[in-house]
Amino acid sequence: MSNVLTIHGGKPLVGSVSVRGAKNLVPKAMVAALLGSKPSVIRNVPEIKDVDVVTGLLRLHGVVVEHDCDSGEIYMDPTGVKTANNAEIDAFAGDSRIPILFCGPLMHAVGAAFIPDLGGCKIGDRPIDFHLEVLRQFGAEISKEPTGTYIRAPRRLTGAKLELPYPSVGATEQVLLTAVKADGITELKGAAVEPEIHDLIHVLQKMGAVITVQTDRTIRIEGVPELGGYNHVALNDRNESASWASAALVTNGDIFVEGATQRDLTAFLNVYRKIGGDFDVRDSGIRFWRGGDTLNPLVLETDVHPGFMTDWQQPLVVALTQAQGVSIVHETVYENRFGFTDALIRMGASIQLHRECLGSVPCRFGQRNFLHSAVISGPAKLTGTNFNIPDLRGGFSHVLAALAAEGTSVATGMAVINRGYEKFFDKLEGLGADIEISEN
Ligand code: EPU
């Protein structure tokens, strides 16, 4: 992907974009294929970097992977799974966080796993303590070395009674991908129940796993000795859908998001309507636009599912800079997810960050020196500026602000956007954005 984008702002985005499989499901479903004794097929696969990273890592571990980009289908045959070279794993993993999820499947297949230093978006500390603790409770031995973390199963892993201190998506996936083939029963309390988790459970169930989701964030997994393959259509990317919906709001445009699914966007759609957006749910997607002449300010808190998701926050904050009055956003999932507001302020937005919990939910970050609440006053006139893309969602928000701003902005580091938005430039051009793409 080209790295520099010049944006001439002020044009409403109008037209249609289509979203495919979720970035937060597809790479994990690909890791699940490692657990099978037969080939698996995942469909509706987007062309994004995390998919390439997992493809590379699977191949290093002896899995045959065939990716048909046009049909969006990936075939994976894990029957030749083998141990990979650690230096090669490190080189391939790049800045993805997915390698941590290889632990369970690799321990079941070859008895050991290696996790290089993890990347991912810089939106907080993003520790892996929950992951390592649950792996220990399954019987894994863990040693941290300067090169990375070495995980070993000295004997068959056994099911355990587990409880997460916070409903972490990644740690819940770690438990699922390990417990399905561990001896006996695993009970996980405090689990994440995001739609992507349910879809991963559907993948594992197709492979032969026995998993029950109870009403109180408890997941019960009965381990089985062997799993087969799966054939699965990934659920669509609700975060990309929410991003384009916000783009319609911010630029006063009109965007039909083909593949947007109401079922996975309920909390987002409520907020969208309150801020002054309108939408029309159709069988094949959702059309988004501004309902009236002005946008309304909001008080909003991010939360785990079924709350308002943290990945929807950043594009919506751009819309709130254009609302008539004062909005408050309390980020309760990541401690450092307002870094992107610096560039918005440089463009003319009025945003103050606070350490206090400005919301009804006292979160883990209150009184801990984290600027995790934002007060946004609008409407502010935005003027184009130059910026470097800081992370996936923050980067999308910068581009969005530039599209709504008066004048020209130059964005560098655009490759980061490809971690979660496929064919981003094509989509912008298709919506009528006035942009130029270059290498540097
Ligand atoms: N946490 C810990 N220790 C751990 C794991 C998590 O303290 O061992 C904390 C995190 O620091 C964070 C909170 O728990 O404060 C939630 O983190 P979680 O584990 O749920 O996040 P994740 O699995 O690393 C996934 C998505 C994120 C999304 C979050 C929340 C993927 C690849 N990433 O991250 O997506 O924001 O869940 O829903 O699935 C994005 O799409 O831009 C993105 C960052």
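Details of the structure are given in the entry above.
Here goes a summary of the coordinates provided.

**Comments concerning the site of the ligand**
Stage number 1. Lining the immediate environment of the ligand, one finds 24 residues, of which Lys-23, Lys-28, Asp-129, Ser-168 and Val-333 sit closest.
Stage number 2. Arg-364 is positioned such that a nitrogen or oxygen atom in its side chain is 3.3 Å from an oxygen atom of the ligand.
Stage number 3. In the environment of the ligand, an oxygen atom lies 2.8 Å from a nitrogen or oxygen atom belonging to the side chain of Arg-393.
Stage number 4. Coverage of the ligand by the protein amounts to 92% of the 840 Å² it exposes when considered alone.
Stage number 5. At a threshold of 2 Å from the grid points, most atoms of the ligand map onto the largest pocket.

**Side note on the nonpolar core**
Stage number 1. Formed by 73 residues in total, the largest nonpolar core has its most connected members in Met-76, Ile-151 and Leu-204.
Stage number 2. Ignoring sequence-local partners within four residues, the contact set of Met-76 consists of Met-30, Ala-33, Pro-39, Ser-40, Ile-42, Leu-58, Val-63, Val-64, Val-65 and Tyr-230.
Stage number 3. Judged by nonpolar contacts, the second largest core, of 68 residues, contains Ala-248, Ala-260, Leu-428 and Leu-431.

**Topic: the sheet that holds strand 22 (residues 408-412)**
Stage number 1. Read from one edge of the open sheet, four strands run 21-22-1-23, paired in mixed fashion. With one partner strand each, in any of the chains shown, strand 21 (386-388) and strand 23 (434-438) form the two edges of the open sheet. Ignoring which end each strand starts from, the neighbouring axes of this sheet average 20° apart.
Stage number 2. For strand 21 and strand 22, the ladder comprises three bridges, and the chain directions are parallel.

**Considerations on helix 4 (residues 103-110)**
Stage number 1. Among the eight residues in helix 4, six count as buried, and that is most of the element.
Stage number 2. All buried positions along helix 4 are accounted for by Cys-103, Gly-104, Pro-105, Leu-106, Met-107 and His-108.
Stage number 3. Packing partners of the buried residues in helix 4 comprise helix 1 (26-32), strand 6 (112-115), helix 5 (129-137), strand 8 (148-152) and helix 6 (169-179).
Stage number 4. Once helix 4 ends, the next one or two residues include Gly-111, with phi positive near 90°.

**Looking at the side chain of Asp-311**
Stage number 1. Structurally, Asp-311 is set in helix 10 (residues 310-320).
Stage number 2. Its relative accessible area of 9% is what places Asp-311 among the buried residues.
Stage number 3. One polar contact links Asp-311 to Arg-337, side chain to side chain, over a distance of 2.7 Å.
Stage number 4. Beyond its immediate sequence surroundings of up to four residues, Asp-311 is in contact with Asn-24, Asn-239, Arg-337 and Arg-393.

**Points about the state of the cysteines**
Stage number 1. Evaluated as defined, the whole model comprises zero disulfides.
Stage number 2. Lacking any disulfide linkage, Cys-363 is separated from the closest cysteine sulfur, that of Cys-357, by 3.7 Å.

**Concerning the sheet that holds strand 3 (residues 40-43)**
Stage number 1. Strand order across the open sheet formed by four strands is 4-5-3-13, with mixed pairing between neighbours. This sheet does not close on itself; its edge strands, each paired only once, are strand 4 (64-68) and strand 13 (231-233). With direction set aside, neighbouring strand axes in the sheet form an average angle of 10°.
Stage number 2. Pairing between strand 3 and strand 5 (residues 73-77): four bridges, direction antiparallel. Bridging across to strand 5, Val-41 finds its partner in Tyr-75.
Stage number 3. Strands in contact with helix 2 (residues 49-60) are strand 4 and strand 5; relative to strand 4, the strand with the most contacts, it is inclined by about 150°.

**As for the pattern of salt bridges**
Stage number 1. The tally for this structure, following the rule as stated, stands at 19 salt bridges.
Stage number 2. With a closest N to O distance of 3.6 Å, Arg-393 and Asp-311 form a salt bridge. Taken as a pair, Arg-393 in helix 12 (residues 392-404) and Asp-311 in helix 10 lie far apart in primary sequence, 82 residues in all.
Stage number 3. Among the residues examined, Arg-393 registers a relative accessible area of 2% and is labelled buried.
Stage number 4. Glu-406 is the partner of Lys-381 in a salt bridge, and the nearest nitrogen-oxygen pair spans 3.4 Å. Pair noted here: Lys-381 is in the loop between strand 20 (373-378) and strand 21 and Glu-406 is in the loop between helix 12 and strand 22, with a separation of 25 residues, a long-range link.
Stage number 5. Through salt bridges with shared partners, a single ionic network connects Arg-20, Glu-47, Glu-422 and Lys-423.

Criteria and cut-off values
- Residues numbered from 1 in each chain as written.
- Predicted model: local features only at pLDDT ≥ 70, side-chain atom pairs only at ≥ 80, totals over all residues.
- Heavy atoms only, no water.
- Near = heavy atom within 4 Å.
- Polar contact = N/O pair within 3.5 Å; in protein donor to acceptor, adjacent residues only side chain to side chain.
- Areas by Shrake-Rupley, 256 points an atom, 1.4 Å probe, with all protein chains shown as cover.
- 1 Å grid on protein atoms, 1.4 Å probe; cavity = no way out; pocket = protein on both sides within 12 Å on 5 of 7 lines; lining within 4 Å.
- Sits in = over half its atoms within 2 Å of the grid points.
- Core = buried A, V, L, I, M, F, W, Y, C linked by side-chain atoms within 4.5 Å.
- Buried < 20%, exposed > 50% of the residue type's maximum accessible area, 1.4 Å probe, protein only.
- Contact = heavy atoms within 4.5 Å.
- Pairing = 2+ DSSP bridges.
- Helix = DSSP H or I, 4+ residues; strand = E, 2+ residues; numbered from the N terminus.
- Axes fitted to C-alpha atoms, helices over the stretch in contact; angles between N-to-C directions.
- Disulfide = S-S within 2.5 Å.
- Salt bridge = Lys/Arg side-chain N within 4 Å of Asp/Glu carboxyl O.

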